Amino acid sequence: MNLITPEKIRTLQRKLYAKAKAEPDFRFYQLYDKVYRADILAHAYDLAEANEGAPGVDGVTFEKIEAAGEEKWLAALAEELREKTYRPQPVFEADLDPEAYGYRPGRSALDAVRRVHGHLKAGYTDVVDADLSKYFDTIPHDELLQCVARRISDKHVLALIKMWLKTPVEERTGRGGKRLTGGKGSKRGTPQGGVISPLLANIYMNRFLKHWRQNGLGQRLRAHVVVYADDLVILSRGHASKAHEVLKDVMTRIGLTVNETKTKLREATTERFDFLGYTFGPYWDRRTGRRYLGAGPSPKSRQRLKAKVHALTVPGNVLPWLKTRDQLNAMLRGWQAYFGYGTLSRAYSDVNWYVANRVRHFLRRRHKVRSRGSRQFSTERVFDDRKVLRLGRWPQRGDTLHAFA
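What counts and what doesn't
Residues numbered from 1 in each chain as written. Predicted model: local features only at pLDDT ≥ 70, side-chain atom pairs only at ≥ 80, totals over all residues. Heavy atoms only, no water. Pairing = 2+ DSSP bridges. Helix = DSSP H or I, 4+ residues; strand = E, 2+ residues; numbered from the N terminus. Axes fitted to C-alpha atoms, helices over the stretch in contact; angles between N-to-C directions. Phe/Tyr/Trp six-rings, centres within 6.5 Å; stacked < 30°, edge-to-face > 60°. Lys NZ or Arg CZ within 6 Å of the ring centre and 35° of its normal.

Caption draft 1: Inspection of the sheet that holds strand E9 (residues 291-297) at higher detail. Ordered in space as E7-E8-E9, the three strands form an open sheet in which the pairing is antiparallel. Every interior strand has two partners, whereas the edge strands, strand E7 (273-275) and E9, have only one. On average, adjacent strands in this sheet sit at an angle of 35° to one another, irrespective of strand direction. Judged from the three bridges that link them, E7 and strand E8 (residues 278-284) form a sheet pairing that is antiparallel. The residue bridging Asp 274 from the neighbouring strand is Thr 279, located in E8.

Caption draft 2: Broad picture of the pairing of E9. The sheet contact formed by E8 and E9 spans seven bridges and is antiparallel. Paired with Thr 279 across the two strands is Gly 296, which belongs to E9. Here E8 folds back onto E9, and the loop between the two strands holds six residues, one of which, Gly 289, carries a positive phi near 80°.

Caption draft 3: Quick look at the packing of aromatic side chains. For the structure on display, the rule yields 14 aromatic pairs. Pairing Trp 321 with Phe 362 gives two aromatic rings, centres 6.3 Å apart and planes at 40°, and the pair type is tilted. Note that Trp 321 is positioned in helix H14 (residues 321-338) and Phe 362 in helix H15 (residues 345-366), a separation of 41 residues in sequence. Ring plane angle 35° and centroid distance 4.6 Å describe the contact between Trp 335 and Phe 339, whose orientation is recorded as tilted. The rings of Tyr 278, Trp 335, Tyr 338, Phe 339, Tyr 341 and Tyr 348 are connected pair by pair, giving a single aromatic cluster. A cation over a ring is seen here: Arg 107 above Tyr 101, with NZ or CZ 5.1 Å from the ring centre. Between Arg 272 and the ring centre of Tyr 283, over which it is positioned, the NZ or CZ distance is 4.0 Å.

Have a look at this one:
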């Protein structure tokens, strides 16, 4: 077994170092493909084996890998990394509360949305719409590391996490300048956007959820907690006020702060609240006039989409129409994929109307049409002839792919 770093890998290391040294402001944005390179994975495997690395929680040892075929195993790992389907089982996953949905395998924001709606329909309509003040920025390092140390005793791993928490982070100011936050003197916060931040945020939020579970607060308050990262709601049957007090007390004890200005108590049968881009509360059936507890894309979510559509269809966009349309359709398709649950007709109609008008004005300017373009670029022609994706309609059998691209 050759543990000397292969020359090809050393060349890559030297190039990366030279680039970073020569250009201090350069940001490396294409490194992921190096992770699954066959020579790098093979060398990492040799180093781990020489170091007598222990198996992970999946129990796969070097003996098992070699019995099945080392090259075959490495090739399969490379494919999983390439396709981004590789999910190493985290040590902490087994400890996390089932009502925590953020950044976990097999769970999504949309699952949390469905869960909240399900609780509402089951009668848990007295709601704490909670807001935590700068959650990621205020997680206390010492207490967080204690949580990690309850599961990990490897001092090198703990030291690495501590170093990572102390790493300075460059942020943009409102005026386009730069500022550094964090650093060796920092005692709070885990940088948002970092690869390990979601896991650490989940680990620390689990302190509150564990207290809730172990003290039987769900039964005592007839309430459920649903959490996605730092977004949190408590849904109860008549005990929102008490649940709010418990939330404030526990969060204060673990070093976090409930934003009292933004945290609201809502009775969902008569008041609406937003969670993960959806608006929950009373909706009305326009045909029957019947009121029901619904969920649908929030006004803010629609407005954010419209802002993106507007930015794409400004007069300064000189891209060919087909490329512009493809970008627009990709944007709309992604939005519809997430906002495809609950009461949708009014939200979809609102977005479709806006998109049709923006595209009409964009094409009218592009083709120098003096009129408003209502005939040449009518709503029907925008969606049918120009093949812009109309929300509410998915590709049907017989449709050509480019029509929805």
